[in-house]
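Topology and contacts: notes
Below, each chain spelled out in residue letters.
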Amino acid sequence: MFVHYCSKKIYIVQHVMVSRGIHVKPVKTELTAEEMPRKWYNILPDLPEPLAPPLNPETKKPISPTDLEALFPKALIAQEMASASYIDIPEEVLQGYMMVNRPSPLQRAVGLERALKTPAKIYFKREDMSPAGSHKTNTSLPQAYYNMKEGVQNLTTETGAGQWGTALSLACNHFGLGCKVFMVRASYDQKPYRREMMRVYGADVSPSPSNLTEFGKKMLAKDPNHPGSLGIAISEAMEMALKDGKTKYSLGSVLNHVMMHQTIIGEETLLQFKKLDEEPDYMIGCVGGGSNFAGFTFPAIGQMLKKKMNTEFIAVEPTVVPSLTNGKYEYDFGDTAGMTPLLLMYTLGHDFVPSPIHAGGLRYHGAAPTVSQLVNKKVVKAVAYQQKEVFSAAMMFARAEGIIPAPETAHAIKAAVDLALEAKKKNEKKIIALNFSGHGLLDLGGYQQYLDGKMV
Ligand SMILES: *Cc1c(COP(=O)(O)O)cnc(C)c1O
């Protein structure tokens, strides 16, 4: 009946919908390719105090950049110690980011808000849209790129549950490198689909311990049916890289350059909140080694430290791997065998054996030195949840939003749900943002256990 006011069809359609009481609102805030950030953010110069240097395990003296050259390309070593606040993302990497669906949407969880009957707004950043299924391609692509540029032909790495191995296999394939993945034997046998994804991308996958390295042979001599561990797999991958001049090693979390590559997530998120003309009261991420949390929050933490934002930051971990909430802040090895430099971080001890929870990506004894310092300085708050309450939150999210979260991601969801319920109690319109680090389509075994009432 208002047709004669406007000849544009779209106007009529919108009007009709509103007049029937139907309000269709977008739930995603998107960025165009042109709007995608062109720089990573380096938090090192903005930290409350200078980061304690990694130490050589033998001399206990700070390591020099050349100590690392057998393992990493020069460009990544320079980024590890960079003092500039922003670093240009190479064009080839930007193109790779577009292949893995960047920029990723910031989505409003309207279904979850409705289910919780909360006045809070809940947003989640969609890192599950990468074809590898998680945020890890944000660093695997630049790592493969810089190695390729310096003439490296192969990369070795370790993988536990398989998410990092999948992301690095995709990136090596993209930039024409060979990829050798040592996969913890227990996962190799139990998680065949991640293993096959890596093989589809062209990687060579061996169960660890293997008889391809001296360290692996030593472990197999002790126990031919050794189930393996992430620590052993790291040692095998490093040993293989050290033996061959054309082969280097790649790590998927913990190190400064990895945290920095992941800040593409948080840089996008800041632009998206600017478009919404809102500022989050809380930003939440789960922490294994700390890379998705760092990537999501560091750009905002930089703003907060300069008094330009007023946001609280919450790191979430499992109660059975409580490095940030119950670990010691001290120098420790990054691996189990003691081959890596010593890092100042929250740690449960490098020989800590985590229980076999479904959130395989959170089963790490330490946490990134940058994230650890921010927790130590009380810039970031750490909380821990149990597996069952985490899966209960994951189920609620899946039914409200239709997306099945990774068990790791579900830790962040649980924290967001708790904050949304607190906001309901106090009738506060809080804005809660979480990093949706990955999907759980290859983790359905965990959901099966939960649904069958068999989870402890
Ligand atoms: C690897 C992984 C994590 C944990 O690693 P961080 O370095 O702490 O981010 C969390 N979520 C998903 C989906 C992962 O694949």
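Just above sits the structure.
Cut-offs applied
Residues numbered from 1 in each chain as written. Predicted model: local features only at pLDDT ≥ 70, side-chain atom pairs only at ≥ 80, totals over all residues. Heavy atoms only, no water. Disulfide = S-S within 2.5 Å. Axes fitted to C-alpha atoms, helices over the stretch in contact; angles between N-to-C directions. Helix = DSSP H or I, 4+ residues; strand = E, 2+ residues; numbered from the N terminus. Parallel < 35°, antiparallel > 145°, perpendicular 65-115°, else oblique. Left-handed = near helix turned anticlockwise from the far one by under 90°. Contact = heavy atoms within 4.5 Å. Nonpolar A, V, L, I, M, F, W, Y, C, P; charged D, E, K, R; others polar. Buried < 20%, exposed > 50% of the residue type's maximum accessible area, 1.4 Å probe, protein only. Near = heavy atom within 4 Å. Polar contact = N/O pair within 3.5 Å; in protein donor to acceptor, adjacent residues only side chain to side chain. Areas by Shrake-Rupley, 256 points an atom, 1.4 Å probe, with all protein chains shown as cover. Expected span 1.5 Å × (residues − 1). Pairing = 2+ DSSP bridges.

The next subject is the state of the cysteines. In this structure the tally under the stated criterion is 0 disulfides. Between Cys 172, a free cysteine, and Cys 179, which holds the nearest cysteine sulfur, the sulfur-to-sulfur gap is 4.0 Å.

A few words on the packing of helix H5 (residues 137-149) against helix H6 (residues 163-175). Each packed pair of helices is defined by two parameters, the angle between the axes and the distance between the axes. Close contact between H5 and H6 brings their axes to 8 Å; oriented N to C, the two are set at 40°. With respect to each other, H5 and H6 are oriented oblique. For H5 against H6, the interelement crossing comes out right-handed. Residues Thr 137, Thr 139, Ser 140, Leu 141, Gln 143, Ala 144, Tyr 145 and Met 148 of H5 form the contact with H6, whose participating residues are Trp 164, Ala 167, Leu 168, Leu 170, Ala 171, Cys 172, His 174 and Phe 175. For the contact of H5 with H6, a count of residues per class yields 11 nonpolar, 5 polar and no charged.

This part takes up unusual backbone geometry. For the peptide bond that leads from Arg 102 to Pro 103, omega is -10°, which places it in the cis range. Among the structural elements, Pro 103 can be located in the loop between helix H3 (91-99) and strand S4 (106-108). Even without glycine at this site, Lys 307 takes up a positive phi of about 60°. With respect to the helices and strands, Lys 307 occurs in the loop between helix H12 (291-305) and strand S11 (312-318). Of the residues examined, Lys 307 reaches a relative accessible area of 75% and is grouped as exposed. Positive phi outside glycine occurs at Asn 427, with the angle close to 50°. According to the relative accessible area criterion, Asn 427 is exposed, its value standing at 61%.

A few words now on the site of the ligand. Near the ligand there are 17 residues, and of these Lys 136, Ser 253, Gly 288, Gly 290 and Ser 291 occur at the shortest range. Between Gln 163 and the ligand, the recorded distance is 3.3 Å, taken from a side-chain N or O atom to an oxygen atom. Within the side chain of Ser 291, one N or O atom sits 2.7 Å away from an oxygen atom of the ligand. Contact with the protein chains hides 97% of the accessible area of the ligand, taken as 380 Å² for the molecule alone. Residue composition of the shell around the ligand, by class: 3 nonpolar, 12 polar and 2 charged.

We now examine the side chain of Asn 292. Within the secondary structure layout, Asn 292 lies in helix H12. Looking at Asn 292, the relative accessible area reads 5%, which means it is buried. Here Cys 286 takes part through its backbone oxygen, which lies 3.1 Å from a polar atom of the side chain of Asn 292. Those residues in contact with Asn 292 that lie beyond four places of it in its chain are His 135, Ile 265, Gly 285, Cys 286, Asn 435 and Ser 437.

Turning to helix H16 (residues 407-426), a few remarks are in order. Counted at 1.5 Å a residue, the expected span for H16 with its 20 residues is 28 Å, and the 29 Å between its end C-alpha atoms agrees. With 14 of its 20 residues buried, H16 lies for the most part within the structure. Trailing H16 by a residue or two, Asn 427 shows a phi angle of about 50°, which is positive.

Further remarks concern the sheet that holds strand S9 (residues 247-249). The sheet built from 4 strands is open, its strands ordered S8-S7-S6-S9 with parallel pairing. At either margin of the open sheet sits one strand with a lone partner, and together these are strand S8 (204-208) and S9. Ignoring strand direction, the axes of neighbouring strands in this sheet form an average angle of 25°. Judged from the 6 bridges that link them, strand S6 (residues 154-159) and strand S7 (residues 178-184) form a sheet pairing that is parallel. By the bridge assignment for S7, Thr 156 is matched with Lys 180. Along the sheet face, helix H10 (residues 230-243) touches S6, S7, S8 and S9 and points at about 170° away from the line of S6.

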